[in-house]
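Given next are the chains, with one letter for each unit.
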Amino acid sequence: MLRNIVNKVIQLLKRDASYKIDPSLPTFALIQILSYRSQAVIRGYWYSLKYRKYAKNLFLGKHVSIRHAQLITIGQSVIIEDNVTIDALSYNGIELGNN
């Protein structure tokens, strides 16, 4: 049941009705991934509130640094993993598309 719910949520986020989690993935590993991704969504939500220019479902890993954030545009369902630094200082800024 948990796997079905997770499949539906991911299909909605990715906008891909054919997406399925690998059935051989152990339930414990799935729970670990859900825990980590939930924390990343919360970090992304707080960051989005701060800058108000990002789309929904921003997943931010631990120790992410975005310099010159006013010059970056981030699309929907973007994942920025742990220990990433993005410096958007440029003439046109940086745009990260969807997914």
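These numbers were taken from a predicted model, which means no experiment stands behind them. (Residues numbered from 1 in each chain as written. Predicted model: local features only at pLDDT ≥ 70, side-chain atom pairs only at ≥ 80, totals over all residues. Heavy atoms only, no water.)

## Describing unusual backbone geometry
With phi around 60 degrees, H68 is a residue other than glycine that occupies positive phi space. Among the secondary structure elements, H68 is positioned in the loop between β2 (65-67) and β3 (72-74). Residue classification places H68 among the partly exposed positions, given a relative accessible area of 31%. One non-glycine residue, S77, adopts positive backbone phi at about 55 degrees. Mapped onto the elements, S77 comes out in the loop between β3 and β4 (79-80). (Helix = DSSP H or I, 4+ residues; strand = E, 2+ residues; numbered from the N terminus. Buried < 20%, exposed > 50% of the residue type's maximum accessible area, 1.4 Å probe, protein only.)

## A short note on helix α1 (residues 2-14)
Think of an α-helix as turning once every 3.6 residues; residues three or four places apart then point the same way. Between its first and last C-alpha atoms α1 spans 18 Å; for 13 residues at 1.5 Å apiece the expected length is 18 Å, and the two agree. Buried within α1 are the following residues: R3, V6, N7 and Q11. Projection of α1 onto a plane perpendicular to its axis shows the buried side chains occupying an angular sector of 135 degrees, all on one side. Projecting away from the buried face of α1 at angles above 90 degrees are the exposed residues K8 and L12. The first or second residue beyond α1 is R15, which carries a positive phi of 55 degrees. (Expected span 1.5 Å × (residues − 1). Arc of directions from axis to C-beta.)

## Regarding the pattern of salt bridges
Enumeration over the complete set of coordinates arrives at 1 salt bridge. As a salt-bridge pair, R37 and E81 come within 3.1 Å of each other at their nearest N and O atoms. Separated by 44 residues along the polypeptide, R37 in helix α2 (residues 27-51) and E81 in the loop between β4 and β5 (85-87) bring together distant segments of the chain. (Salt bridge = Lys/Arg side-chain N within 4 Å of Asp/Glu carboxyl O.)

## Structural notes on the confidence of the model for the chain
Parts of the model with low pLDDT should not have their predicted coordinates read in detail. Chain-level pLDDT for the chain is 86 on average; 95% of the residues reach the 70-or-more range. By mean pLDDT, the top-scoring element of the chain is β5 (93), and the lowest-scoring one is β3 (85). (pLDDT = per-residue confidence, 0-100.)

## Some details on the side chain of R3
Residue placement: R3 occurs in helix α1. D22 provides the closest opposite charge to the buried, salt-bridge-free R3, at an N-O distance of 6.8 Å. Those residues within four positions of R3 in sequence are excluded, and the remaining contacts are I21, D22, P23, L25, P26, T27 and L30. (Lys, Arg positive; Asp, Glu negative; His and termini not counted. Contact = heavy atoms within 4.5 Å.)

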